[in-house]
Amino acid sequence: MLLTRDYVGYMAKEIVKRLIAGRMIETKDPGTLTQQVRQVMSDEITVEDRLNDEVREILSRYSDEMRRTGASYQEMYKKVKSQLARERKLILR
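To start, this report covers the structure provided alongside it. Residue numbers restart at each chain and count upward from 1, following the sequence in its written direction. Reporting of local features is limited, given that this is a predicted model, to residues whose pLDDT is at least 70; pairs of side-chain atoms are given and counted only at 80 or more, and all residues count toward the totals for whole chains, interfaces and linings. With hydrogens and water excluded, all non-hydrogen atoms of the structure serve as input to the side-chain values.

On to the environment of Thr 34, then. Here a helix means four or more residues in a row that DSSP labels H or I, a strand means two or more in a row labelled E, and each is numbered from the N terminus. Its location among the elements puts Thr 34 in helix H2 (residues 30–45). Taking the C-alpha atoms as reference points, Thr 34 and Ala 21, separated by 13 residues in sequence, lie 14 Å from one another.

Pasting the structure below:
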């Protein structure tokens, strides 16, 4: 994750504060809304980390076959990651 949890919390608080100040949204409980925004932002910025973990898991299952065929781990990593990202319609940095 490129951003710290504290900074994500700060950004969520500022987003909610500015949306309320600009009268773009109304809420009875800004604290709860801030927590929800923070959770969504955290989920979004960790999506690539979770994808990387999944790619490593997939490649570990096929490690014997990759060694036997002489496939490059780095090449296979890129291919599997891009395929999963395409299937899930993810935009990666």
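Once you've had a look at it, read on.
With that settled, consider the packing of aromatic side chains. Ring geometry is summarised as follows: Phe, Tyr and Trp rings, the Trp one being its six-membered ring, pair when their centres sit within 6.5 Å, and such pairs are stacked at plane angles under 30 degrees, edge-to-face over 60 and tilted between the two. Under the definition given, this model contains two aromatic pairs. Seen in terms of ring centroids, Tyr 73 and Tyr 77 are 6.2 Å apart; in terms of plane orientation they differ by 35°. Their pairing is tilted. Remark: Tyr 77 and Tyr 73 occur in helix H5 (residues 73–87); sequence separation between them is four residues, near one turn of the helix. Three exposure classes are used, based on accessible area relative to the maximum for each residue type with a 1.4 Å probe and protein chains only: buried under 20%, partly exposed in between, and exposed over 50%. On the basis of relative accessible area, Tyr 73 is assigned to the partly exposed category, the value being 38%.

Further remarks concern the pattern of salt bridges. For this analysis, a salt bridge means a side-chain nitrogen from Lys or Arg found within 4 Å of a carboxyl oxygen belonging to Asp or Glu. Under the criterion given, the structure shown has seven salt bridges. Among the ionic pairs, Lys 81 bridges to Glu 48, the shortest N-O distance being 2.7 Å. Remark: Glu 48 occurs in helix H3 (residues 47–61) and Lys 81 occurs in helix H5; sequence separation between them is 33 residues. The partner of Arg 61 in a salt bridge is Glu 57, with the nearest N and O atoms 3.9 Å apart.

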